[in-house]
Amino acid sequence: MNTFVLALRFLRRDWRSGELRLLVLALIIAVSAVTAVGFFTDRVEQAMILQANQVMAADLVLSSSRPVPESFEQQAEALGLRTAHTLSFPSVIMHRDETQLVEVKAVSRGYPLRGELRVRTQPSAEEQSVTEPPIPGNLWGEARLMAALGLQPGDQVSLGETNLALEQILSRDSALGNSFFRLGPEVLIALEDIPKTGLVTPASRVRYRLLVAGDQTQVEAFQRWTGSRLPRGVRLEHLSSARPELRNTLDRGSRFLSLAALVAVLVAGATVALSTRRFVERQSDTSAIMRCLGASQSLILRVLLLRLLLLGLLASLLGIAGGWLAQYILAGLLSDWFGGTLPPPTPWPVLVGLGTGLITLIGFTLPPALRLGAVPPLRVLRRDLGAPPASTWLLALCALGAMALLMRWQAGDATLAGWVLLGTLGTVSLLLLVAWALIHLLRPLRHRGGTLWRQGLSGLLRDPAMTALQLSGFGLGILAMLLLVIIRVDLLDAWQRTIPERAPNHFLINIQPEDAETMGEFFRQQQIEQAGIYPMLRARLTRINASPVSPDQYQDDRAQRLVEREFNLSWAVEPQKENHIVSGHWWDASNQESPLFSVETGIAETLGIKLGDKLSFDLAGVPIEAEVSNLRQVRWDSFQPNFFVIGTPALLRDHPTNYITSFYLPPGQEALLAQLVKQYPSVTIIDVSAIMQQIREIMQRGSLAVEYVFLFTLAAGLLMLYAGIQASREHRRQESVVLRTLGMQRKGLIQAAGIEFITLGMLAGTLASLCATVTGWFIATEVFGFAFQPNAWTAIIGILGSGIAIGLAGVLATWPLTVQPPLRMLQNR
Amino acid sequence: MDTDHNPDSILVKANGVGKQVNGPGGNLTILQDVSLQLASGEVTAILGASGSGKSTLLGLLAGLDETSSGDIELFGTSLNSLNEDQRAALRAGKVGFVFQSFQLLPGMTALENVMLPLELAGVSHPAEGATEALRQVGLTDRLHHYPGQLSGGEQQRVAIARAFASGPKLLFADEPTGSLDQATGSRIIDLLFQMREQTGAALLLVTHDERLAARCDHRLQIENGQLESSA
Ligand SMILES: Nc1ncnc2c1ncn2[C@@H]1O[C@H](COP(=O)(O)OP(=O)(O)OP(=O)(O)O)[C@@H](O)[C@H]1O
Ligand SMILES: [Mg+2]
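Computed from a predicted structure; not experimentally measured. (Residues numbered from 1 in each chain as written. Chains lettered and ligands numbered in written order. Predicted model: local features only at pLDDT ≥ 70, side-chain atom pairs only at ≥ 80, totals over all residues. Heavy atoms only, no water.)

The next point concerns the site of ligand 1. As a structural note, the neighbourhood of ligand 1 is formed by 13 residues, with Ser50(B), Gly51(B), Lys54(B), Ser55(B) and Thr56(B) the closest of them. More than one chain reaches ligand 1: the nearby residues come from chains A and B. In this structure, Ser50(B) approaches ligand 1 through a side-chain N or O atom, which is 2.5 Å from an oxygen atom. Within the backbone of Gly51(B), one N or O atom sits 2.8 Å away from an oxygen atom of ligand 1. Protein chains bury 66% of the 640 Å² of accessible surface belonging to ligand 1 in isolation. Broken down by secondary-structure element, the contributors of at least two residues to the shell around ligand 1 are β2 (26-39) and α1 (54-61) of chain B. (Near = heavy atom within 4 Å. Polar contact = N/O pair within 3.5 Å; in protein donor to acceptor, adjacent residues only side chain to side chain. Areas by Shrake-Rupley, 256 points an atom, 1.4 Å probe, with all protein chains shown as cover. Helix = DSSP H or I, 4+ residues; strand = E, 2+ residues; numbered from the N terminus.)

For helix α18 (residues 671-679) of chain A, every residue scored as buried is listed here: Leu672(A), Leu673(A) and Leu676(A). Seen along its axis, α18(A) keeps its buried residues to an arc of 100°; they face one direction. (Buried < 20%, exposed > 50% of the residue type's maximum accessible area, 1.4 Å probe, protein only. Arc of directions from axis to C-beta.)

Another aspect to go through is the sheet that holds strand β5 (residues 77-78) of chain B. All names here are of chain B. Read across the sheet, four strands follow the order β2-β1-β4-β5 without closing on themselves; strand pairing throughout is antiparallel. In this open sheet, the two edge strands, each paired with only one partner strand, are β2 and β5. Taken together, the 10 bridges between strand β1 (residues 10-23) and β2 define a ladder with antiparallel strand orientation. Paired with Ala14 across the bridge in β2 is Leu36. (Pairing = 2+ DSSP bridges.)

A separate point is the packing of aromatic side chains. Evaluation of the coordinates by the stated rule reveals 11 aromatic pairs over all chains. Residues Phe522(A) and Phe523(A) carry aromatic rings whose centres are separated by 5.6 Å and whose planes lie at 75° to one another, so their mutual orientation is edge-to-face. Geometrically, the ring pair formed by Tyr534(A) and Phe643(A) is edge-to-face, given 6.2 Å between the ring centres and 70° between the ring planes. In this pair, Tyr534(A) sits in strand β13 (residues 534-544) while Phe643(A) sits in the loop between β19 (622-633) and β20 (645-647), placing the two residues 109 residues apart along the sequence. Judged by relative accessible area, which is 19%, Tyr534(A) ranks as buried. An aromatic cluster of three or more residues is present, and its members are Phe522(A), Phe523(A), Phe663(A) and Tyr680(A). Over the ring of Phe10(A) we find Arg13(A); its NZ or CZ atom is 5.6 Å from the centre of that ring. Its guanidinium or amino end placed over the ring of Phe75(B), Lys94(B) lies 4.8 Å from that ring's centre, counting from NZ or CZ. (Phe/Tyr/Trp six-rings, centres within 6.5 Å; stacked < 30°, edge-to-face > 60°. Lys NZ or Arg CZ within 6 Å of the ring centre and 35° of its normal.)

Our focus in this paragraph is the pattern of salt bridges. For the structure on display, the rule yields 19 salt bridges over all chains. In this structure, the salt-bridge partner of Glu84(B) is Arg291(A), at a minimum N-O distance of 3.9 Å. Of this pair, Glu84(B) sits in helix α2 (residues 84-91) while Arg291(A) sits in helix α7 (residues 244-292), each in a different chain. The partner of Glu84(B) in a salt bridge is Arg87(B), and the shortest N-O contact between them spans 3.6 Å. Of this pair, Glu84(B) and Arg87(B) both sit in helix α2, three residues apart, roughly one helical turn. Residue Glu84(B) is classed as partly exposed on the basis of its relative accessible area of 23%. The structure contains a network of salt bridges with shared partners spanning Arg291(A), Glu66(B), Glu84(B), Asp85(B) and Arg87(B). (Salt bridge = Lys/Arg side-chain N within 4 Å of Asp/Glu carboxyl O.)

Next up on the list: the interface of chain B and chain A. Accessible area lost upon the coming together of the parts is a frequently used measure of interface size. The partner chain A presents 30 residues to the 32 residues of chain B that form the contact. Across the chain B/chain A interface, buried area totals approximately 2,700 Å², and carbon plus sulfur atoms make up 60% of it. When residues of chain B are sorted by the area they lose upon contact with chain A, Gln103(B), Glu119(B) and Leu120(B) head the list and together hold 22% of the total. Linking chain B with chain A are five salt bridges, by the criterion used here. Notably, a salt bridge pairs Arg13(A) with Glu112(B), separated by 3.5 Å at the nearest N-O pair. Put simply, chain B and chain A have six residue pairs in polar contact (both at pLDDT 80 or more) between them. (Contact = heavy atoms within 4.5 Å. Buried area = accessible area lost by both parts, 1.4 Å probe.)

Attention now moves to the environment of His506(A). Residue and element names in this part refer to chain A. Note on placement: His506 falls in strand β12 (residues 506-511). Taking C-alpha positions, His506 is 6.9 Å from Leu665, a pair spaced 159 residues apart along the chain. With residues near it in sequence (within four places) discarded, His506 still touches Thr661, Ser662, Phe663, Leu665, Leu673, Ile685, Ile686, Asp687 and Val688. A polar atom in the side chain of His506 sits 2.9 Å from the side chain of Asn505.

With that settled, the discussion passes to the nonpolar core. Counting 158 residues, the largest nonpolar core has Phe256(A), Phe474(A), Leu491(A), Leu61(B), Leu116(B), Leu170(B) and Phe172(B) as the members making the most contacts within it. Sorting elements by how many residues they give to this core places α7(A) first, with 18 residues. Formed by 39 residues, the second largest nonpolar core is a distinct cluster that contains Leu47(B), Leu104(B), Leu139(B) and Leu205(B). (Core = buried A, V, L, I, M, F, W, Y, C linked by side-chain atoms within 4.5 Å.)

The next thing to look at is the side chain of Thr365(A). All names here are of chain A. Topologically, Thr365 is positioned in helix α9 (residues 348-372). Separated by 2.4 Å, the side chain of Thr365 and the backbone oxygen of Leu361 make a polar contact. Filtering out sequence-adjacent residues up to four positions away, Thr365 remains in contact with Thr276 and Leu308.

What follows is the structure, encoded as structure tokens:
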């Protein structure tokens, strides 16, 4: 009890005297940064999922080849969810005597539940965003259809037994991503027009969909409800079953955000470490006097720890409030980009903030604080006696432990946290090593050169431990800021570049072998860039090793669907450019005549396929079998033709095959497609530009969010700079008093401080840019799978920038010490 | 020196105390075979040149450091058998200090500095006792000032108030006027002696001021770590 009262009293005194202000401020910024990032990424991630849901035009879709039972819609409405129906099937549109194969999609009022429709009244008109589908009697079609049939808006076309007016040119339907393999251009009509067409009979091939959207909890409730009730043939589609290229993009986006949060944690830790040291130093006197007056070690410790704990709590709460406020402003700024409103944050980040505050404080203050109990009371007589310094190992271990814990927690991704932690660790070791070497190398130099130079250098040497600490603190802070630059400039660009400006936006499938040869020539004549042309065979997976494969073997519904449907196999001599062999070896001249398979890592994981397994496929009645010789990572978002399973030429070459290719069609050249179909009537064109557009938008918004999140890192970094300079303030104050009393001029003092801090800053900058480049390279290649090109600017900015910034900050901090008369400062101790 | 005291009234007793340290130039003997005692209510001055070992002796007698040889009894308890914490507990509430460099905590006001020993002793209303002590040293109007805002003499008065606040039986003062000018110094000494008179505490005063030593009951001269003479 007495301890608690004492701790409270001390805390009040600390607070008033400004003793702990820097520490508290550092902690508040740290917690604010982390919680703002937490709240914001929480909301952004939710928004990103929502955005991804726009691809389905809903949060959840039930799809079936027969009408979805009404009980599902009733349940959804009972739960307060919004619903809509769509019905899609291939058919033919006629205009005059010309016909065109199309994908008809009939939609009910309210479609789309998520996302939007974009239309144009004329091919040359501005795109407009609308939320209502066409009214009965009207039809919206894509530009391709217009080109193929030579249509003008307002023309009448016939669909089945009815005539419809072509009202708008459809440039974007959110849910296009859903019908990835479309055979023709899409036309959108009202559901009410379906009976008049007479096209939908029990025998026709129609896909019925029930779209559902609403509150996340209600959507989840509905999903649970449907769980066991799904009749045979009704399929639940949700985000995880959406296209892999989208999944890839979202994963990367949230990784970027975690990375931003991680870096914020890093800077915060460095700041707290720097500001703790001064506090501990000051506390030595208190401890010594208290010991003199009869306080026991344990009392001193208990009071101190309790104070720190209370302080941590207080600062964390303030930080959480700050973070909450900050993310609100941020969300307000960004709401436009996220289509109006962001979902409200969940309370989870509060806990993260509290944990971050306490863990950071404890991790960085505990080892030195624990030593304070051991301050010898004799310090009151002999000032040189202090607390025995905390073991460097203990210090490092504690700080590192705290960092590791926080990072693992923040990143939610062990690999990413691991790399950042490793980078940090490497940087800190390097910084300490260099600090140590520097102190030994500079010592002899101290006696050369002019007074200023000597003074500046001895500033670095007067307290080697302090210099090492400052160097590591500055180094870490600069590392964080440079990582920010690397991520901003190099990684985000690399991310957006994963879909190059002229990435293939159309796929051609069902290319006959004889057409495959001449098609290259066709594209060359039209000056169209075309990716390679690849053989494609459809086959069903029958066995993995000895055991037969059937859908009920798998829990995962993705796995079930994969097994149900036919695989696209291919064969190749060389692996595709964007593919990356993860384990095993691609075949070469020595073994490409043997039966071997290369399997994509994702599907291997889903289906439990390992290196060396024997896979059996049924290829149109012909069984084939081969061993898995390597696992391949595929960049699905590259929009190149890619295959789950590729065989050796020997294995598949002699089976009947079709070919697939992809190409980039510049906008406005849709007429070319009609020509292509005329020349190669058997091929099927698949247009992926819509989904590509959507992925691009997600990337842009994601990048923007990451940049904003980094503002907090920047604030934390600036505070860290301040803390680093303040750490040696007491020393400099004493020194400047003595030097000025001895007659050194103000200008000299400032120049000496400048030399000291510019040296420190450039050194920290050099080391940090080295480490940032290495860390950036690892993050790029290992975590994101990008190629990374080191940017010389990073190093230049790192070295010069930190030299100037730290030098300037040091001079500014020394200035007030030189303006006050020395006597005032002697008294002010 | 007198040896005819009632043994119960002996507060500090040193028996053949020596102190050696491992300095940069090998083993250094700071104190050698020092024996002395201090009875309750007595005022003893320790005199000696700079570097003769006065502060070292004071630190040993107060139990702030350990002897290399010999034994010290504080309040009848041999310090040799006690660890750091037990020695601290022995001091709690019974020993006061005044130092040359004041040793006030810069982050605390005058009042809070004086409250500190009372708080540590678990006194229920530490502010009242501390205010009273500060009144006695004439600083009633400076209760809420920080040490940095006080003059040297005022700071030392705060230190004296702190030393007496818990009503100690024994006071250690290490050159309390060393950082002050002559006039202020003698006012501080007057205050110190006057407060001691009121409380009846014993005082061990380290000084190199002969005139000050003359006001004490006993004087011990220390030279090169050894007691030379007593009076
Ligand atoms: N831990 C130590 N290591 C090395 N030398 C020490 C140590 N403690 C004290 N000394 C030395 O012992 C001698 C006595 O020191 P002490 O502080 O007791 O002197 P003093 O009599 O109080 O001097 P002053 O009047 O200047 O305060 C000095 O020469 C001092 O340098
Ligand atoms: Mg001394």
